[in-house]
Amino acid sequence: MANFLAVLQQVADELGLPRPTSVTSTDATTRQLAALANRDGQQLMKDVDWTGLQTEFIIEFGSPLVLAGDTVQGSRVVTNIATASLLPRSNAFSVSGAGMQIACRGATIDSATQLTLTETADVTQVANPLTFTRDTFDIPTDFDRYIDQTMWDRRFQWAMIGPTSPQFDEWMRSGIVTVGPRQHWRQVGRAPTVFRIFPPPTGSGDTPGTLVWQYITNQWVLKQDGTFASSLTADTDVPTFPDGLLQMGIKWRFWSVKGFAYAELQEEYNSWVDREKARNGGMSTLRLNARQPGYLISPSQVQDGSFPGPGNP
């Protein structure tokens, strides 16, 4: 794949512009071409689930922590508890124990020995044993969007259910009726958002556990040192899209902002994008002729739960 400087030089040659000597040049035309290259790269990253941008994220969690602290009826503050060294972030944990209301969570870590909860305690007790269960995890910093139906619980080999709606999430956390054995998930919070599961792992057979899902990374640029970035900034940066796409995208965008007739260049670009999308990662074959039944067990032959089923040995 051509690097950033080579891409701009190719575009300049095709449009009859002065050839750039560096992408960091202060020349107005070079700066505009570089800006349009990043605009087109961002658009390509958003529009297509390119196989080169598909990334797997693995979450591993251990058993809940049981920490003793002093609670006071009607207060959200827990004192005399060693929190700072054991809890990486207060709102990543659900909290349960004697006198704790349902769906209680950590709110803030006030000091090395004090924690504030989201709800008040119902009892006054010294050294009240509280269970802190992690159910919230940071989303990767290069995250752009989920790849649907890739969320799995690897310990139980079950697909996770979600994303759940805010209404269903509150029904699960606040209602009387509890949910089934499967993990539900949703994304919560403002940026940076987090990935939250329900019910929290109890530790009785489901920890340590592993969750996995796939996403599209926003880092579509390969740097010279082998790392990735979300924009082109140096001569040696390499866009990870198929060759030719970025050049053609820059050309029609440049012609557009200059007020020239760009429809033909845009049509050619769109045709190339459609072709590369169709070829990206290969395509499965849909056969119209009669096929022999599969000889291996597939998900269509195994019931969703209670296997092998009532009444069977």
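Since this is a predicted model, take the numbers as computed values, not measurements. (Residues numbered from 1 in each chain as written. Predicted model: local features only at pLDDT ≥ 70, side-chain atom pairs only at ≥ 80, totals over all residues. Heavy atoms only, no water.)

Student: Help me understand empty space enclosed by the protein, please; the structure alone is not making it clear to me.
Tutor: Leftover empty space is mapped by rolling, across the atoms, a probe with the size of a water molecule. This structure, assessed with the given rule, holds one cavity of 30 Å³ or more. As a volume, the largest cavity reaches approximately 50 Å³. What lines the largest cavity is simply Ala2, Val7, Pro239, Phe241, Pro242, Asp243, Gly244, Leu245, Leu246 and Gln247. With three residues, the single largest contributor to the lining of the largest cavity is helix 4 (residues 245-257). When grouped by side-chain class, the residues that make up the lining of the largest cavity number seven nonpolar, two polar and one charged. (1 Å grid on protein atoms, 1.4 Å probe; cavity = no way out; pocket = protein on both sides within 12 Å on 5 of 7 lines; lining within 4 Å. Points joined across faces, edges and corners; volume = space filled by probe spheres on them. Helix = DSSP H or I, 4+ residues; strand = E, 2+ residues; numbered from the N terminus. Nonpolar A, V, L, I, M, F, W, Y, C, P; charged D, E, K, R; others polar.)

Student: Even after reading the chapter, I still don't get the pattern of salt bridges, so can you show me in this structure?
Tutor: Oppositely charged side chains are able to pair whenever their charged atoms sit close together. What the rule picks out here adds up to 12 salt bridges. Residue arginine 105 is joined to aspartate 135 by a salt bridge in which the shortest nitrogen-to-oxygen separation is 2.8 Å. Of this pair, arginine 105 sits in the loop between strand 4 (93-97) and strand 5 (106-111) while aspartate 135 is found in the loop between strand 7 (125-134) and strand 8 (136-138), placing the two residues 30 residues apart along the sequence. On the basis of relative accessible area, arginine 105 is assigned to the buried category, the value being 10%. Aspartate 135 sits in the buried class, given a relative accessible area of 0%. A salt bridge links arginine 173 to aspartate 169; the nearest nitrogen and oxygen atoms lie 2.9 Å apart. (Salt bridge = Lys/Arg side-chain N within 4 Å of Asp/Glu carboxyl O. Buried < 20%, exposed > 50% of the residue type's maximum accessible area, 1.4 Å probe, protein only.)

Student: What's the story with helix 3 (residues 166-174) in this structure? I'm lost.
Tutor: Spacing of three or four residues puts side chains on the same side of an α-helix, whose turn is 3.6 residues. Within helix 3 the residues assigned to the buried category are Asp169, Met172 and Arg173. An end-on view of helix 3 places all buried positions within 90° of arc, on one side of the element. The inward-facing, buried residues of helix 3 abut strand 12 (184-188) and strand 13 (194-198). (Arc of directions from axis to C-beta. Contact = heavy atoms within 4.5 Å.)

Student: When you look at the side chain of aspartate 40 in this model, what are you seeing that I'm missing?
Tutor: Relative to the helices and strands, aspartate 40 resides in helix 2 (residues 28-47). On the accessibility criterion, aspartate 40 (0% relative accessible area) is buried. Polar contacts involving the side chain of aspartate 40 include one to the side chain of arginine 253, which spans 2.9 Å. Those residues in contact with aspartate 40, other than ones at most four positions away along the chain, are Leu245, Leu246, Gly249, Arg253 and Tyr269. (Polar contact = N/O pair within 3.5 Å; in protein donor to acceptor, adjacent residues only side chain to side chain.)

Purely geometric numbers; function is a separate question.
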